[in-house]
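As a plain string of letters, each chain reads:
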Amino acid sequence: MARPRLVVYVSRTGTTAAVAAWLAARLDADLHDLAPRRDLAGLGGLARIAAGALNLSRETAPPITLGGRRLVVLAAPIWFLAPAHPLHEFVRAHRLDGADVLVVLTMTTGCRQVALRRLRSDIEAAGGRCLGVHALKVRPGDPPSELLAPLLSDLHLP
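Residues numbered from 1 in each chain as written. Predicted model: local features only at pLDDT ≥ 70, side-chain atom pairs only at ≥ 80, totals over all residues. Heavy atoms only, no water.

*Asks:* It is not clear to me how the confidence of the model for the protein chain should be interpreted in this structure. Could you clarify?
*Replies:* The predicted coordinates ought not to be read in detail in places where the model reports low pLDDT. Chain-level statistics for the protein chain give a pLDDT mean of 81 and a share of 78% at 70 or above. Mean pLDDT values over the elements of the protein chain span from 57, in helix H2 (residues 42-53), up to 95, in strand E1 (residues 5-9). (pLDDT = per-residue confidence, 0-100. Helix = DSSP H or I, 4+ residues; strand = E, 2+ residues; numbered from the N terminus.)

*Asks:* Sorry if this is basic, but what is going on with the packing of helix H3 (residues 85-93) against helix H4 (residues 113-125) here?
*Replies:* Between H3 and H4, the least distance of the axes is 9 Å, while the angle of their chain directions is 25°. Between H3 and H4, the crossing angle belongs to the class labelled roughly parallel. Crossing hand, H3 versus H4: left-handed. Note on element contacts: H4 touches H3 through Ala115, Arg118, Leu119, Asp122 and Ile123, opposite Leu87, His88, Val91 and Arg92. Residue composition of the contact of H3 with H4, by class: 5 nonpolar, 1 polar and 3 charged. (Axes fitted to C-alpha atoms, helices over the stretch in contact; angles between N-to-C directions. Parallel < 35°, antiparallel > 145°, perpendicular 65-115°, else oblique. Left-handed = near helix turned anticlockwise from the far one by under 90°. Contact = heavy atoms within 4.5 Å. Nonpolar A, V, L, I, M, F, W, Y, C, P; charged D, E, K, R; others polar.)

*Asks:* Would you mind showing me how to read the pairing of strand E2 (residues 30-33) here?
*Replies:* The side chains of a regular strand alternate between the sheet's two faces. Residues of E2 alternate between two faces, with Asp30 and His32 buried on one and Leu31 and Asp33 left unburied on the opposite face. For the crossover from E1 across helix H1 (residues 15-27) to E2, the handedness is right-handed. (Buried < 20%, exposed > 50% of the residue type's maximum accessible area, 1.4 Å probe, protein only. Right-handed = clockwise from strand over helix to strand, strands pointing away.)

*Asks:* I keep staring at unusual backbone geometry and nothing clicks. Help me out?
*Replies:* The general pattern is negative phi for most residues beyond glycine and trans for most peptide bonds. In this structure, aspartate 28 is a non-glycine residue whose phi angle is positive, near 50°. Within the secondary structure layout, aspartate 28 lies in the loop between H1 and E2.

Structural data, given as structure tokens:
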């Protein structure tokens, strides 16, 4: 049976995957990788990322069931100054009706504000209630607890 909380993520280097796993453990949430069969590492991965960012890719993640989820956490890195395109694909392909949605972006570079506004708008158009979009400067090997514990305490989740 699906838990009422879900952490959905995409990760190229494993940094966001570590953040997502930490969040799922602390929230007692199911964990779903948006790109489990895609090789995103190395130069081939960068080419796939660029193709997706430029809307040249036809790859899409398979749909998942969201019925009854009260909280959906979306975790992704910043690619080309915007949240990773598989995250946008997921939001556009699913109904988030009635779910609270928290976005956690891992980044080493900046992100365009227009891209963040578009993601928030897509979440609301899908019926979700965006609790916030949080961009965290994370480097490989950084302990997620130092960055994420304050975020979770601010949510006041039961």
